[in-house]
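Working through the structure, step by step
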Amino acid sequence: MHDVGVSGDRIARIEPRLEGEAPVELDGEGRLASPALVEAHIHLDKVNVWPLLPSNRTGTLAEAIQLLHRTKAASGVDEVAERAGQVIRRAVLAGVTTFRSHVDVDTIGGLRPLQGVLKARAEHADLCEIQVVAFPQEGIERDPGTAELLGSAMQEGADLVGGMPHWEVDPEASRRHVSFCFDLAERFDADVDMHVDETDRRESRTLEMVVDETERRGWGGRVTAGHCCAMVVWEQEYVDRLLGRMAQVGVNLCSNPLSMVVQGRDDLEPRRRGIARVKEALAAGVTVGTGQDCVHDAFYPFGAADPLQVALLQAHAAQLTTSEEISVVLGMVRESAARVLRISDYGLYEGARADLVVLDAESALDALRLLPSRRWTIHRGRVVSETRQEAELHRSRGAPIAGCPSRSDLPIHKSLSPVAHSPQAR
Ligand SMILES: [Zn+2]
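Not measured: the values here are computed from a predicted model.

All right, on to the overall build of the protein then. Helix and strand counts for the protein stand at twelve helices and 16 strands. Overall, the protein is about 70 × 50 × 45 Å in size when its C-alpha atoms are taken along their principal axes. Counting every position in the protein, which comprises 426 residues, the buried fraction comes to 57%. Look at the contacts in the protein between residues 6 or more apart in sequence, and 78% of them connect residues 24 or more apart. A total of about 17900 Å² of accessible surface is found on the protein, and carbon and sulfur atoms cover 50% of it.

Below is the structure:
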């Protein structure tokens, strides 16, 4: 049990008992204090369009992209900002203080999706930080005009260059797509985060192109490959070699386990589920984060913008169930995700940024098992959300009490762990 003292936007001290008074004192009552959660891969421009569209009947990625043309063409900047804001606020309540959002840039929506997400980012700058990726969802050569728009997107405020190389018509075009994205990244001194091999097709090999280009440009540590679904059907020897190169060159993996609902739709059982080979990537030394991807859109009807829910699904998809693996999977929405986003001062240590979440749980296992409420989210030393959840059983008269504890009997309330703000904090 420890107290955490915050001064300004930093964690000042962590000790068993801090003396003195602070302007703001939070009594954690034994709850689990954690570094804030990181949403490493989301599409804020598309969130919550589900009610605006017909159902995705085939359930495939291709139909989802096609359906989304309607909302992309029709959505104005304010509407995108409104939908993005709904999910940003929900995620902050779930403990997220840093996001990386891909945003479509193409000739259908132009720069409106980007402008909408930038507006939402500005409107929520007191709650969280959002990295924006200029993402050519429709391809670059397949959608003439996108190359120029990507340059404009970077000038307008996108932070990273995205990509979708497997969406081009052939491997040569895919390689040119990757090369173009790295050219743009060099021009703007930006990191790269691409959608890579988000398909069941065994012959899709654009991850290797991304690794090649990262090595050639010396961009190691600044590149992330998302989804990587085709990896599940590649030959073992090829996977082993490529994962080794990813670790060596410095290409991160962002697994998106919810891709499982769109991949393998045409298969008979056993179906390919498009789950990146997370265990093997971890064993090879690759930095692996995991991200929500979609919230209530044409790809995915569900989604609570809660990284713990995603981590729980990731644990199922990658069969991460030992105590050590449970810590690792929680790290995929915390420390490892922070490395993917290159948040340098992230963590629960003295001197780190004071971005914290306090959970109604005692352990990492319970954080995933119970998906508990988040008592407080703290961003840069300020409490930005507070959740009070009460539940009560209504027993029938004369029912025995044993074996059915009231909420106050649960062990999470048995002791105190204040999270205190030092006098310098606001
Ligand atoms: Zn995605």
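This paragraph deals with the pattern of salt bridges. All chains considered together, the criterion is met by 44 salt bridges. The salt bridge involving Arg374 is made with Asp306; its shortest N-O contact spans 2.7 Å. You can see Arg374 sitting in strand β14 (residues 374–379) and its partner Asp306 sitting in the loop between β12 (288–290) and α9 (307–317), a full 68 residues away along the chain. An identical accessibility class is assigned to Arg374 and Asp306; each is buried. When salt bridges with common partners are traced through the structure, they connect Asp9, Arg10, Glu129, Asp345, Arg353, Asp355 and Arg380 into a single cluster.

Let us now look at the packing of aromatic side chains. For the structure shown, the criterion picks out two aromatic pairs. Ring centres of Trp234 and Tyr238 lie 5.2 Å apart, and the angle between their planes is 80°; on these two criteria the pair is classed as edge-to-face. For the pair formed by Trp234 and Tyr238, the shared burial category is buried. Here the aromatic rings of Tyr300 and Phe302 are separated by 5.5 Å at their centres, their planes lie at 85°, and the arrangement is edge-to-face. Note on Tyr300: relative accessible area 8%, which makes it buried.

Another point: the sheet that holds strand β15 (residues 382–386). The four strands lie next to each other as β4-β13-β14-β15, forming an open sheet whose pairing is antiparallel. Each edge of the open sheet is held by one strand with a lone partner, namely β4 (32–35) and β15. Strand-to-strand twist across the sheet, computed as the mean angle between neighbouring axes with direction ignored, equals 20°.

Before going further, it helps to spend a moment on the environment of Thr290. Structurally, Thr290 is set in strand β12. Exposure remark for Thr290: the relative accessible area of 1% places this residue in the buried category. Excluding residues within four positions of it along the chain, Thr290 makes contact with Ala40, Cys254, Ser255, Pro257, Val310, Gln314, Met332 and Val333.

Right, let's get into the side chain of Asn252. Within the secondary structure, Asn252 sits in strand β11 (residues 251–255). Classification of Asn252 by relative accessible area gives buried; the value is 7%. When neighbours within four sequence positions are excluded, Asn252 is seen to be in contact with Gly221, Val223, Thr224, Ala225, Met246, Val286, Thr287 and Val340.

For helix α2 (residues 77–93), spanning 17 residues, the distance from its first C-alpha to its last is 24 Å, which sits close to the expected 24 Å at 1.5 Å a residue. Considering only its buried residues, α2 is in contact with β5 (37–42), β6 (96–104), α3 (112–123), β7 (129–135), β14 and β15. One or two positions beyond α2, positive phi appears at Gly95, with a value near 105°.

Here we come to the pairing of strand β1 (residues 3–7). Of all the five residues making up β1, four are buried; the element is thus mostly covered by neighbouring parts of the structure. In terms of strand pairing, β1 meets strand β2 (residues 10–15) through five bridges, oriented antiparallel. Bridge pairing links Val6 to Ile11 in β2. Counting the residues between successive antiparallel strands, the hairpin from β1 to β2 contains two residues, one of them, Gly8, with a positive phi of roughly 60°.

One way to put it is that α2 packs onto α3 with a least axis distance of 7 Å and a crossing angle of 50°. Our classification of the angle between α2 and α3 gives oblique. When you trace α2 past α3, the crossing you get is right-handed. For the pair formed by α2 and α3, the contact residues are Val77, Asp78, Val80, Ala81, Ala84, Gly85 and Ile88 on the first element and Arg112, Pro113, Gln115, Gly116, Val117, Lys119, Ala120 and Glu123 on the second. Residue classes in the contact of α2 with α3 are distributed as eight nonpolar, three polar and four charged.

With that settled, consider the confidence of the model for the protein. Averaged over every residue, the pLDDT of the protein is 93; residues scoring 70 or more account for 94%. Within the model, pLDDT remains below 50 along residues 405–426, and this stretch shows 71 contacts once partners closer than five positions in the same chain are excluded.

What follows concerns the pairing of β6. For β6, a buried count of nine out of nine residues is recorded, marking the element as mostly surrounded by other parts of the structure. Sheet topology places β5 next to β6; four bridges connect them, and they run parallel. Paired with Leu37 across the two strands is Val96, which belongs to β6. Inspection of the sheet shows β6 paired to β7 by seven bridges, in the parallel sense. Bridged to Arg100 within β7 is Gln131.

Moving on: the environment of Gln131. In this fold, Gln131 is placed in strand β7. According to the relative accessible area criterion, Gln131 is buried, its value standing at 18%. Sequence-wise, Gln131 and His102 are 29 residues apart; in three dimensions their C-alpha atoms are separated by 8.5 Å. Those residues in contact with Gln131, other than ones at most four positions away along the chain, are Phe99, Arg100, Ser101, Arg121, Asp159, Leu160 and Leu341.

Negative phi values dominate among residues other than glycine, just as trans dominates among peptide bonds. Put simply, Glu269 and Pro270 share a cis peptide bond, and its omega is -5°. Here Pro270 lies in the loop between β11 and α8 (278–284). Despite not being glycine, Asp197 shows a phi value in the positive range, around 50°. Along the chain, Asp197 falls in the loop between β9 (192–196) and α6 (206–217). Of note in the backbone geometry, Cys228 takes a positive phi value of approximately 55° without being a glycine. Here Cys228 is to be found in the loop between β10 (223–227) and α7 (236–249). Its relative accessible area of 1% is what places Cys228 among the buried residues.

Procedures and definitions
- Each residue is numbered by its place in its chain's sequence as written, counting from 1.
- The predicted nature of this model means local features are confined to residues of pLDDT at least 70 and side-chain atom pairs, given and counted, to a pLDDT of 80 or more, with totals for whole chains, interfaces and linings taken over all residues.
- The basis for every side-chain value is the complete set of heavy atoms in the structure, and neither hydrogens nor water enter the calculation.
- Helix and strand assignments follow DSSP, with helices taken as H or I runs no shorter than four residues and strands as E runs no shorter than two, numbered in order from the N terminus.
- For every residue, the accessible area obtained with a 1.4 Å probe (protein chains only) is divided by the maximum for its type, and the residue is called buried under 20%, exposed over 50%, and partly exposed between those limits.
- Throughout, a residue-residue contact means that at least one pair of heavy atoms, one from each residue, lies within 4.5 Å.
- Residue-level accessible areas treat just the shown protein chains as cover; the underlying method is Shrake-Rupley with a 1.4 Å probe.
- Every case where a carboxyl oxygen of Asp or Glu lies within 4 Å of a side-chain nitrogen of Lys or Arg is listed as a salt bridge.
- Pairing of aromatic rings covers Phe, Tyr and the six-membered ring of Trp, with a centre-to-centre limit of 6.5 Å; geometry is then stacked below 30 degrees between planes, edge-to-face above 60, and tilted otherwise.
- When DSSP locates at least two bridges between a pair of strands, those strands are taken to pair.
- Interaxial angles span 0 to 180 degrees and are taken between N-to-C directions of axes, which are lines fitted to C-alpha atoms, for helices over the stretch in contact.
- Helix span is expected to be 1.5 Å times the residue number reduced by one.
- Should an angle fall under 35 degrees it is called roughly parallel, over 145 degrees roughly antiparallel, and 65 to 115 degrees roughly perpendicular, with every other angle called oblique.
- Should the near helix be turned anticlockwise from the far one by less than a right angle, the crossing is termed left-handed; should it be turned clockwise, right-handed.
- Each residue is assigned to one of three groups, with Ala, Val, Leu, Ile, Met, Phe, Trp, Tyr, Cys and Pro labelled nonpolar, Asp, Glu, Lys and Arg labelled charged, and all others, Gly among them, labelled polar.
- Confidence scores per residue from the predictor, reported as pLDDT, run from 0 to 100.

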